[in-house]
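Analysis of the macromolecular model
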Amino acid sequence: MSGNLFIVSAPSGAGKSSLVNALLERDAAIRLSISYTTRAPRPGEENGIHYHFVSHEAFQERLGRGEFLESAEVYGNYYGTSQPWIEAERAAGRDILLEIDWQGAAQVRRLVPDAISIFILPPSIEELRRRLQGRGTDSEEVIARRMAAAREDVSHCLEFDYLVVNDQFDTALADLLAIARAHRLGIHSQEKRLAGLLLALSC
């Protein structure tokens, strides 16, 4: 039985990371894919938990061997998702979640047609700006760039299978949990999971 592959994307400020963390806490059957990156760890980040931190040379070697399901360069640093790990986890029947941007999601969907993609939307453009300003870490110039990037991200939201609006956090989380549960109850998953029962009932 192959596990599900969930993709979650969103513009900066939509609350994606908070929702993903809450989803993983509520649904122990889903495991988060840990990306590889060439950037240096930030304070509090641990290797193998937040990212697999590797050198540029090590990353390029893995890239050359075709080990990344998707990869991207962001501000001079590289990020990538391990294809062998995901294939092994899914083959063992475990559900995996990728927290990546829309470009990475497009790469994954091309290679894994049965991936389930979810895009998180803010309730309004005004609320998105308020959330970005509320962080208190970015200048108005940086916020303006993030807002422009968010508009570009949102322009690709209809390429995804599901849209979840993060207006009320608990409601958005319930929506994510419902999507995961529904796919586990789908006929393809249940046919393999319940093979013994179906055989016994048909005798």
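Above this text sits the structure in question.
These numbers were taken from a predicted model, which means no experiment stands behind them.

Considering the pairing of strand E6 (residues 77–82)
For strand E3 (residues 36–37) and E6, the ladder comprises two bridges, and the chain directions are antiparallel. Counted as the bridge partner of threonine 37 is tyrosine 79 from E6. Counting the residues between successive antiparallel strands, the hairpin from strand E5 (residues 68–74) to E6 contains two residues, one of them, tyrosine 75, with a positive phi of roughly 50°.

Regarding the packing of aromatic side chains
Inspection of the entire model under this criterion finds six aromatic pairs. Here phenylalanine 119 and phenylalanine 160 contribute two aromatic rings whose centre-to-centre distance is 5.1 Å and whose plane-to-plane angle is 65°, an arrangement assigned as edge-to-face. One end of the pair, phenylalanine 119, is in strand E8 (residues 116–121); the other, phenylalanine 160, is in the loop between helix H6 (140–154) and strand E9 (162–165), and 41 residues separate them in sequence. Like phenylalanine 160, phenylalanine 119 is buried. Ring pairs connect the aromatic residues Tyr36, Phe59, Phe68 and Tyr78, which therefore count as one cluster. The positively charged end of arginine 109 is found above the aromatic ring belonging to phenylalanine 160, 4.9 Å away from the centroid.

With respect to the sheet that holds E6
Strand pairing in a sheet takes place through backbone hydrogen bonds and is either antiparallel or parallel in direction. Read from one edge to the other, the open sheet built from four strands follows the order E4-E3-E6-E5, with strand pairing classed as mixed. Taken across any chain shown, the strands that pair with only one partner, and hence form the sheet edges, are strand E4 (52–53) and E5. Bridge count for E5 against E6 is six bridges, and the pairing is antiparallel. Across the sheet, the residue bridging to glutamate 73 is tyrosine 78, located in E6.

With respect to the pattern of salt bridges
Two side chains with opposite charge may pair up if their charged atoms get near one another. Applying the stated criterion across every chain, the model contains 13 salt bridges. Of the charged contacts in the structure, one is a salt bridge between glutamate 89 and arginine 31, with a shortest N-O distance of 2.6 Å. On the criterion of sequence distance, the pair formed by glutamate 89 in helix H3 (residues 83–91) and arginine 31 in strand E2 (residues 30–32) is long-range, its members being 58 residues apart. The exposure class assigned to glutamate 89 is buried, which follows from its relative accessible area of 8%. The network of salt bridges with shared partners includes Asp27, Asp95 and Arg184.

Cut-offs applied
- Residues numbered from 1 in each chain as written.
- Predicted model: local features only at pLDDT ≥ 70, side-chain atom pairs only at ≥ 80, totals over all residues.
- Heavy atoms only, no water.
- Pairing = 2+ DSSP bridges.
- Helix = DSSP H or I, 4+ residues; strand = E, 2+ residues; numbered from the N terminus.
- Phe/Tyr/Trp six-rings, centres within 6.5 Å; stacked < 30°, edge-to-face > 60°.
- Buried < 20%, exposed > 50% of the residue type's maximum accessible area, 1.4 Å probe, protein only.
- Lys NZ or Arg CZ within 6 Å of the ring centre and 35° of its normal.
- Salt bridge = Lys/Arg side-chain N within 4 Å of Asp/Glu carboxyl O.

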